[in-house]
Amino acid sequence: MCFSLPLLIMINLEHYNQIKETLPSAVKLVAVSKMKSIEDITALYQAGQRCFGENKAQELKLKREALPHDIEWHFIGHLQSNKIKYIAPFVALIHSIDSYNLLQEVNKQAIKYNRIIPCLLQFHIAQEDAKFGFSWEEAIEMLNDTQFSALQNIEIQGIMGMATFTDNQVQISHEFHWLHHIFQQLKSDYFASNEQFKEISMGMTGDYLLAIAEKSTMVRIGSAIFEI
Ligand SMILES: *Cc1c(COP(=O)(O)O)cnc(C)c1O
């Protein structure tokens, strides 16, 4: 006997709907679809999701080409300068600007495509060396540089951070609290007159409720949605 199996769609609509209901209306859900198939992403699209996050530039480019063009694509991973070109024409937000040099390169690509690319500054808040991001001192050094204000084709819309991968909820909350503090300090010292500077991207499957409690405006959730 020969069966033709229906395509196996691996998304967890129950979790998706649950998350949508729990999120305060001001908090944006970025569905992290890295390594997920076109079919899975399409299924979530059909459930109404329009904002997706990816962490590999070439994979993102291929998915953009294969999927409906009203999807808002966010880039959330460590970005290498030579890969910016793949996403520069269409990316809606780069969450992971982790060096001044990268920001300058993004600006160059944005000029090439005649657009302004929205960006978040990623801060290193975790007690893990493997994670990327600015320290407070590095960020201040960049923001005080006269060349920084000459970058006309990027728009800094806020900051992003990842907490330590741990079961210690108190530690995670402290790290998110610190990120919120960084946001407020930058807002008052450097972006007071900039209405676009308003996002704090923090919270993933394991810690998004803690992140919301610490005033996250954007959560990046993958496994809760894409794994059964
Ligand atoms: C993979 C990833 C996420 C999503 O993680 P989950 O635990 O699957 O929700 C969020 N942010 C970044 C930067 C990621 O790489």
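Read on for an overview of the structure. (Residues numbered from 1 in each chain as written. Predicted model: local features only at pLDDT ≥ 70, side-chain atom pairs only at ≥ 80, totals over all residues. Heavy atoms only, no water.)

## Quick notes on the overall build of the protein
Thinking step 1. Within the protein one finds nine helices and eight strands.
Thinking step 2. In terms of overall size, the protein behaves like a compact globule, its C-alpha atoms giving a radius of gyration of 18 Å where 228 residues would be expected to give roughly 17 Å.
Thinking step 3. Projected onto the principal axes, the alpha-carbon positions of the protein cover approximately 70 × 45 × 30 Å.
Thinking step 4. Sequence separation of 24 or more characterises 60% of the internal contacts of the protein that already satisfy a separation of 6 or more.
Thinking step 5. Roughly 11800 Å² of accessible area belongs to the protein as shown, and the carbon and sulfur atoms make up 52% of that amount.
Thinking step 6. Computed over 19 positive and 26 negative side-chain charges, the separation of the two mean positions in the protein equals 7 Å. (Helix = DSSP H or I, 4+ residues; strand = E, 2+ residues; numbered from the N terminus. Rg over C-alpha atoms; globule rule 2.2 N^0.38 Å. Contact = heavy atoms within 4.5 Å. Areas by Shrake-Rupley, 256 points an atom, 1.4 Å probe, with all protein chains shown as cover. Lys, Arg positive; Asp, Glu negative; His and termini not counted. Charge placed at Lys NZ, Arg CZ, Asp CG, Glu CD.)

## A look at unusual backbone geometry
Thinking step 1. Backbone geometry places Asn-114, a non-glycine residue, at a positive phi of 55 degrees.
Thinking step 2. Counting through the fold element by element, Asn-114 comes out in the loop between helix H5 (100–112) and strand S5 (117–123).
Thinking step 3. Note on Asn-114: relative accessible area 71%, which makes it exposed.
Thinking step 4. Positive phi values are uncommon outside glycine, yet Lys-215 reaches one of about 75 degrees. (Buried < 20%, exposed > 50% of the residue type's maximum accessible area, 1.4 Å probe, protein only.)

## Digging into the site of the ligand
Thinking step 1. Taken together, the residues surrounding the ligand are Val-32, Lys-34, Ile-76, Met-162, Met-204, Thr-205, Arg-220, Ile-221, Gly-222 and Ser-223.
Thinking step 2. One of the side-chain nitrogen or oxygen atoms of Arg-220 is found 2.9 Å away from a nitrogen atom of the ligand.
Thinking step 3. Between the ligand and Ser-223 there is a distance of 2.7 Å, counted from an oxygen atom to a side-chain nitrogen or oxygen.
Thinking step 4. Contact with the protein chains removes 85% of the 390 Å² of surface that the ligand exposes when unbound.
Thinking step 5. Its residues assigned to classes, the shell around the ligand comprises five nonpolar, three polar and two charged. (Near = heavy atom within 4 Å. Polar contact = N/O pair within 3.5 Å; in protein donor to acceptor, adjacent residues only side chain to side chain. Nonpolar A, V, L, I, M, F, W, Y, C, P; charged D, E, K, R; others polar.)

## Regarding the environment of Ile-140
Thinking step 1. Positionally, Ile-140 belongs in helix H6 (residues 136–144).
Thinking step 2. Taking relative accessible area as the criterion, Ile-140 reaches 17% and is therefore assigned buried.
Thinking step 3. Separated by 49 residues in sequence, Ile-140 and Asp-189 have C-alpha atoms that sit 9.9 Å apart.

## Thoughts on the state of the cysteines
Thinking step 1. Inspection of every chain in the model, using the stated rule, returns zero disulfides.
Thinking step 2. As a non-bridged cysteine, Cys-51 has Cys-119 as the owner of its nearest cysteine sulfur, 15 Å distant.
Thinking step 3. The buried category is assigned to Cys-51, whose relative accessible area is 5%. (Disulfide = S-S within 2.5 Å.)

## Notes on helix H7 (residues 169–190)
Thinking step 1. The end-to-end C-alpha separation of H7 is 31 Å, in line with the 32 Å expected for 22 residues at 1.5 Å each.
Thinking step 2. Gln-171, Ile-172, Ser-173, Glu-175, Phe-176, Leu-179, His-180, Ile-182, Phe-183 and Leu-186 are the residues of H7 that are buried.
Thinking step 3. Buried-residue contacts for H7 involve S5, H6, strand S6 (154–161), strand S7 (199–201) and helix H8 (208–213).
Thinking step 4. N-cap assignment for H7: the residue whose side-chain oxygen lies 3.1 Å from the backbone N of Val-170 is Asn-168. (Expected span 1.5 Å × (residues − 1).)

## Comments concerning the pattern of salt bridges
Two side chains with opposite charge may pair up if their charged atoms get near one another.
Thinking step 1. Tallied over the full model, the rule gives eight salt bridges.
Thinking step 2. Residue Glu-59 is joined to Lys-63 by a salt bridge in which the shortest nitrogen-to-oxygen separation is 2.8 Å. Highlighted residues: Glu-59 and Lys-63, both in helix H3 (residues 57–66), separated by four residues, approximately one helical turn.
Thinking step 3. For Lys-63, a relative accessible area of 6% translates into the label buried.
Thinking step 4. Glu-105 is the partner of Lys-108 in a salt bridge, and the nearest nitrogen-oxygen pair spans 3.1 Å. In this pair, Lys-108 and Glu-105 both sit in helix H5, three residues apart, roughly one turn of the helix.
Thinking step 5. Taken together, the shared-partner salt bridges in this structure form one network comprising Glu-54, Glu-59 and Lys-63. (Salt bridge = Lys/Arg side-chain N within 4 Å of Asp/Glu carboxyl O.)

## Brief notes about the packing of aromatic side chains
Thinking step 1. Under the defined criterion, the tally for this structure stands at four aromatic pairs.
Thinking step 2. Aromatic pair Phe-123 and Phe-134: ring centres 6.2 Å apart, planes at 45 degrees, arrangement tilted. With Phe-123 in strand S5 and Phe-134 in the loop between S5 and H6, this residue pair connects regions lying 11 residues apart in the sequence. In this structure, Phe-123 and Phe-134 share a single accessibility class: buried.
Thinking step 3. Measuring from centroid to centroid gives 4.0 Å for Phe-191 and Phe-197, while their planes differ by 0 degrees, and the two rings are stacked.
Thinking step 4. Given the relative accessible area of 6%, Phe-191 is considered buried.
Thinking step 5. By way of ring pairs, the aromatic residues Phe-183, Phe-191 and Phe-197 are connected into one cluster.
Thinking step 6. The ring of Tyr-45 is capped by Arg-50, whose NZ or CZ atom sits 3.6 Å from the centre of that ring. (Phe/Tyr/Trp six-rings, centres within 6.5 Å; stacked < 30°, edge-to-face > 60°. Lys NZ or Arg CZ within 6 Å of the ring centre and 35° of its normal.)

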